[in-house]
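Examining the three-dimensional arrangement
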Amino acid sequence: MIRAARAVLLIVAAHLAGFAFAVAAAPVHAALRPTLVAPPPVDVPAAYWEHLHTLPTDPRLAAALVALGHSLALLVPALLGAGVLGLWLAGRAVDADGRIAAWAAPTLALGLACSAVFTGSLIISGWFVWAVWGPGEPPLPLRGAGWDRHLILPTLVLGLRAPAQLAQLGATLLAREAQAPFVIAARSRGMPEWRIRRHVARTVAAPLVMALAATAHLMLAELVIVEAMFAWPGLGAMLADALAPARLSDAPPAAGYLAPPVVALAAALLVALGLVIDGLAAVIARRLDPRMVR
Amino acid sequence: MMRQHVRAGAVIVGLIVALALAAPWVAPHDPLARASVARDGAGSPIGPPFPPGTPGHWLGSDRFGRDTLSRIVWGARPTLLLAGLVAALRLTLGVLVGIGAGWSHGPAGRLARGVLALASALPVLLVALAVITLLGSERGLVVFILGLSLTGWSGTAHLVAAQVRVISQQPYIAAGRALGASGGRLLARHIPRQLSPLVGGLLAIELASTLTLVAGSGFLGYYIGGGAWIVLSGDANPVAARTSDAPEWGQMLAGALERSLDPWPLLLVGGMLLLTITGSNLLGSGLMASQPTPQLPGRGWRAIERMLLALAMVPRRAAAGVAVVTMLALAGGTWWCWPRPPAVRSIGAAPHVPGGHAWGMTGRDPAGSRDADLPPGGPTRFRSWMVGAPFLGDPLIAADGVVIAASRAALHLLDGVGTLRELPLPRQPIAGPALGSDGSIILVDRAAVVWALDRTGQTRWRFAAADRGEATSGPVVAGDGSILFTTVDRIQAIAADGTARWSSDVLDGPSELLPRVVPDGTLVLLQDRIIRLADGRSLPQQFIEPAGEFRDPLLLVGADGSLGRRVADQVEIWRLRDGAPVVVARRSWPSASATITFPTQAGISRGGIAWLLYGAGAGEARLVWLAADGSSAQQATGMRAAQVIAVAPDGAVLVCGQQRGAAACAVLERTGTRWREVLGVPGGVVGGAVAGARAVVLTDAGGLVVIEFAAAGP
């Protein structure tokens, strides 16, 4: 109960902090950009109170919830794909005696270096090169939303780094467990290899679930960039529009640019998403490994 | 095998550090310098972006002409400094919070676990951008270091907390407790030693995470130092793009995406980032996996342990004192960094005329302030002379009181007893003359030849620029004696002795406006450009106008030393903060219904009152005053084609123009007209000057009028 109350408190705090930040940042941005007119001073508590009152009927809340759905559409497959690929890589990287394969360290180090900004930029650049000098428009769309091929490129960029992170941790855990006394004892007593693996899997499952949660946090952080890059109308793009100043002098700022309700909603929903991920991971980990209850 | 990876990682990181250290010797160009033209392999001139393989720019340039190789080489420094410092700070925070959360079951542990939960819940990029925005990205690297270190350490803290929890359940800890060792002693003796193998690895992972985060902030348009606006097109409504200024790899990568069809910069910069992150990952993971837990403490470890033990033994009151001091330091730091409205700061003393002359050039001084102490009373006597040719620009009043004026055919010198001498000029000047600091009379002709004469008409020196075009403005003499003038697309500077200084093509199009020199002698303002007087280069960060909106901006220097900018009907006060112009105040008046044209002249008086003269068009000219307190006033001048001749500190203006075909002058105050007189000479007024108790006014029909005032007013 206390944990639930703390989570609600955190979400409300993130909402208020997002609101206050947007109010405080607007004059700072205006002062730095001569083409922007400084907004009139805002009484934050009064404005926040008013925003809370109108929140249930505010169309921006509905828009944010739709955006949350779009973000989940990227997050869930990316996380599942990263989980499967990461675990497969970790299994391949460690042999029965707990030795890590020579290819694992450089491959995983390189995988960890593939940030969304870099891989996304490469894919976008490759897409344009293909479209202009190649056989025609590539089969996968570059921008926009849709529950079809549109999902592939953003999900790929979002999920590219996570398997490396998961595999690195998984391989370390598997290597350690493979040399644990209970494994040596089981093997010396002639227990079949698949049963030993099942035991090992039970002991490393809980930390791996926690690692998956950490990976999901990493994806949440990169969601802003990936969605902005591929014009995917999720929470990340909403936040990017609310925070990113115009790059060209003649481009007007985005509609939600530094709009306090937009920043507040996006921040609160992202925090809520992170807390849900953490909560789920903790529950699953405890079911898998009773030692984690402390 | 693991050792090989550690070695490979160390070699990669070592090479990149070496590259950063050797940047001044390796980089062929200034990383911020923009080249507008280069020659390709065949020798033909090409514009930016230069492709890889261009002679002099072997890795090409960005679309602003900044050399890619130089930016990559110089970029290693801020990249490593930023990533290294942030990683170290995050590691420190993560380890401290992790130890607290994993070790203590008391209030400290609960606090640490709460902080950890908060830090894990908040999106790292969001917190970083919030801090960077509120503190101002213009403050440079420090703000990015603060913003990026504030969260993002939760991963490290979780790992450390888990590790500490495991250690705290070990039998030797229980044994220590049974023997009576305090918690602090156990913590100091066992935890750092057990955690030490993790540190290298965690540091490398933090390094990689910081580098990707900086790239993300650049992608969202948050640049170290605030970034730079760079004009993309030179037409009437220039469009400018914001881009990274400091050559930092993460932010350069974000900028490279703007050229989707040219993947070179992306591959080069991205490759360097990939290499650095891979190297640090290899080094980190290798260190974490291969380093054994130190069992036999060496001398260094013993020293650290002794220090930690001493800290653990510090009495609680002292610990509370340390905590209070830390909180005060944090509060002080926050107060220092917190954004506050910048004060309007004068940039120095009021502008002065080089050589101590009373009126040294058009606009009186290098700032063009037209500052003068107008006598309080009305005119007592008018004396007029007629010459055969139209006068050009303002007359000059030398330190000894001699009035010097240029007409199209000759130079005219009026001494104190009323004798007007005429010195024929070999060529026709384009505008009014200026007085050099040594008393030379400096003139510029249409062919951009500058020459200096003495009062007998002898030429002291003559200067003809190699690349001269058609001159568009007369000379301005800066405080250091340099002479500035403009040609069709350039601004030229020559030294006081007539030798070349620099010539700069900062102008987007022809400008007939006079350059205005900031009193501290560092900057020249020309139309809407800010230029360095030292080398004629444009400041990297300039004011940018929204395209599609004509606001006719004009940069001003006030007679009070303040920096101003007239945009449309407003006057803005600005100053430079970290090399970027920042508007600190705006003054406007309800102009929409009153005018249809923009002001023809504007300025700020010594008393800080901004003034605008709406003198264009066939109608009567109007004066508007905008005070610092937001109040405004306006007066009709009663004249056509009017010109402001001089402005007093209180905002009183000597304005001259045409009234029923004859030249006329008046002194207008915000509250009314002090006096108004018709001068009795024909033509329109082209200029004037004020010194002491007399004013000199010139007309385009060759009339020179001296207005004398009573020494004291009524």
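Residues numbered from 1 in each chain as written. Chains lettered and ligands numbered in written order. Predicted model: local features only at pLDDT ≥ 70, side-chain atom pairs only at ≥ 80, totals over all residues. Heavy atoms only, no water.

In this section: the overall build of chain A. Looking only at helices and strands, chain A has 11 helices and zero strands in total. Traced from its N-terminal end to its C-terminal end, chain A shows the element sequence α-α-α-α-α-α-α-α-α-α-α. Residue burial in chain A is summarised as follows: out of 294 residues, 48% are buried. Sequence separation of at least 24 residues holds for 75% of the intrachain contacts in chain A that already meet a minimum separation of 6. Summing over all exposed atoms, chain A offers an accessible surface of approximately 14100 Å²; the carbon and sulfur share of this is 71%. (Helix = DSSP H or I, 4+ residues; strand = E, 2+ residues; numbered from the N terminus. Buried < 20%, exposed > 50% of the residue type's maximum accessible area, 1.4 Å probe, protein only. Contact = heavy atoms within 4.5 Å. Areas by Shrake-Rupley, 256 points an atom, 1.4 Å probe, with all protein chains shown as cover.)

Okay, the side chain of B:Thr156 next. All names here are of chain B. Structurally, the position occupied by Thr156 is in helix H7 (residues 154–168). Given a relative accessible area of 5%, Thr156 falls into the buried group. Once residues lying within four places of it in the same chain are set aside, the contact partners of Thr156 are Leu91, Gly94, Val95, Leu202 and Glu206.

A few words on the nonpolar core. Nonpolar side chains in soluble globular proteins tend to be buried together. Formed by 104 residues in total, the largest nonpolar core has its most connected members in A:Leu158, A:Met229, A:Phe230, B:Leu82, B:Leu220, B:Trp249 and B:Leu253. Ranked by the residues each element gives to this core, the list is headed by helix H5 (residues 124–135) of chain B, at 11 residues. In this view, B:Trp249 contacts B:Ile16, B:Arg71, B:Ile72, B:Gly75, B:Ala76, B:Thr79, B:Val269, B:Met272, B:Leu273 and B:Thr276; residues no more than four positions away in its chain are not counted. Judged by nonpolar contacts, the second largest core, of 36 residues, contains B:Trp385, B:Cys656, B:Val685 and B:Ala691. (Core = buried A, V, L, I, M, F, W, Y, C linked by side-chain atoms within 4.5 Å.)

Because an α-helix packs 3.6 residues into every turn, residues spaced three or four apart end up facing the same way. Taking 1.5 Å per residue, 36 residues should reach 52 Å; helix H3 (residues 68–103) of chain B reaches 50 Å between its end C-alpha atoms and fits that length. The largest bend in H3(B) is about 30°, located at B:Gly75, with the proline B:Pro78 one to four residues further on. (Expected span 1.5 Å × (residues − 1). Bend = angle between axes of the 7 residues up to and from the residue.)

Residues and elements named next belong to chain A. Summed over all chains, the structure comprises three aromatic pairs over all chains. Seen from their ring centres, Phe19 and Tyr48 are 5.3 Å apart, and the 65° between their planes marks the pair as edge-to-face. With Phe19 in helix H1 (residues 2–32) and Tyr48 in helix H2 (residues 44–54), this residue pair connects regions lying 29 residues apart in the sequence. Here Phe19 falls in the buried class, since its relative accessible area comes to 4%. Look at Tyr48 and you get buried, because its relative accessible area is 10%. (Phe/Tyr/Trp six-rings, centres within 6.5 Å; stacked < 30°, edge-to-face > 60°.)

All right, on to the state of the cysteines then. Residue and element names in this part refer to chain B. In the structure shown here, the tally under the stated rule is one disulfide over all chains. Each sulfur in the disulfide pair Cys656 and Cys665 lies 2.0 Å from the other. As the torsion about the S-S bond is roughly 105°, the Cys656-Cys665 disulfide counts as right-handed. (Disulfide = S-S within 2.5 Å.)

Further remarks concern the sheet that holds strand S19 (residues 523–526) of chain B. Read across the open sheet, the three strands follow the order S18-S19-S20 (chain B); overall the sheet is antiparallel. Strands with a single pairing partner mark the edges of an open sheet, and in this sheet they are strand S18 (516–517) and strand S20 (529–532) of chain B. (Pairing = 2+ DSSP bridges.)

Turning to helix H5 (residues 116–133) of chain A, a few remarks are in order. Helix length check: H5(A), at 18 residues, gives a terminal C-alpha distance of 25 Å against a target of 26 Å (1.5 Å per residue), a fit within 8%. Within the span of H5(A), buried status applies to A:Ala116, A:Val117, A:Phe118, A:Thr119, A:Gly120, A:Ser121, A:Ile124, A:Ser125 and A:Trp127.

A word on the sheet that holds strand S17 (residues 500–504) of chain B. Spatially, the four strands line up as an open sheet ordered S14-S15-S16-S17 (chain B), and their pairing is antiparallel. In the strand order of this sheet, the two ends are held by strand S14 (476–477) and S17 of chain B, each with one partner.

Turning our attention to the side chain of B:Thr486. Residue and element names in this part refer to chain B. Its location among the elements puts Thr486 in strand S15 (residues 483–486). Its relative accessible area of 0% is what places Thr486 among the buried residues. Separated by 2.7 Å, the side chains of Thr486 and Thr472 make a polar contact. (Polar contact = N/O pair within 3.5 Å; in protein donor to acceptor, adjacent residues only side chain to side chain.)

Residues and elements named next belong to chain B. Put simply, chain B has an average pLDDT of 80, and 83% of its residues get 70 or more. Segment residues 293–297 is flagged for pLDDT under 50; beyond a separation of four residues in sequence, or across chains, it makes 10 contacts in the model. Scored below 50 in pLDDT, residues 337–348 shows 26 contacts in the model against residues more than four places distant or in partner chains. This prediction of the complex comes with two scores: 0.61 for pTM and 0.84 for ipTM. (pLDDT = per-residue confidence, 0-100.)

All names here are of chain B. For the coordinates displayed, the defined rule picks out 22 salt bridges over all chains. Residues Arg66 and Asp62 are paired through a salt bridge, measuring 2.9 Å at the closest nitrogen-oxygen approach. Judged by relative accessible area, Arg66 falls into the buried class, the value being 2%. Overall, the relative accessible area of 16% leaves Asp62 in the buried class. For the salt bridge of Asp650 with Arg674, the shortest nitrogen-to-oxygen distance reads 4.0 Å. Note that Asp650 is positioned in the loop between strand S29 (640–647) and strand S30 (653–659) and Arg674 in strand S32 (residues 672–682), a separation of 24 residues in sequence. Residue classification places Asp650 among the partly exposed positions, given a relative accessible area of 41%. (Salt bridge = Lys/Arg side-chain N within 4 Å of Asp/Glu carboxyl O.)

So, about unusual backbone geometry. Residues and elements named next belong to chain B. One non-glycine residue, Arg370, lies in positive phi territory at about 55°. Its identity is not glycine, yet Gln527 carries a phi of approximately 55°, on the positive side. Mapping Gln527 onto the fold places it in the loop between S19 and S20.

What follows concerns the pairing of strand S27 (residues 622–626) of chain B. Residues and elements named next belong to chain B. The buried count for S27 comes to four of five residues, which makes it a mostly enclosed element. Bridging between strand S26 (residues 610–614) and S27 involves five bridges; their strand directions are antiparallel. Looking at S27, one finds that Tyr614 is bridged to Arg622. Note: S27 against strand S28 (residues 632–636), five bridges, orientation antiparallel. In the sheet register, Trp625 faces S28, and the bridge partner there is Ala633. Between S27 and S28, which pair antiparallel in sequence order, lie five residues; one of them, Gly630, sits at a positive phi of approximately 95°.

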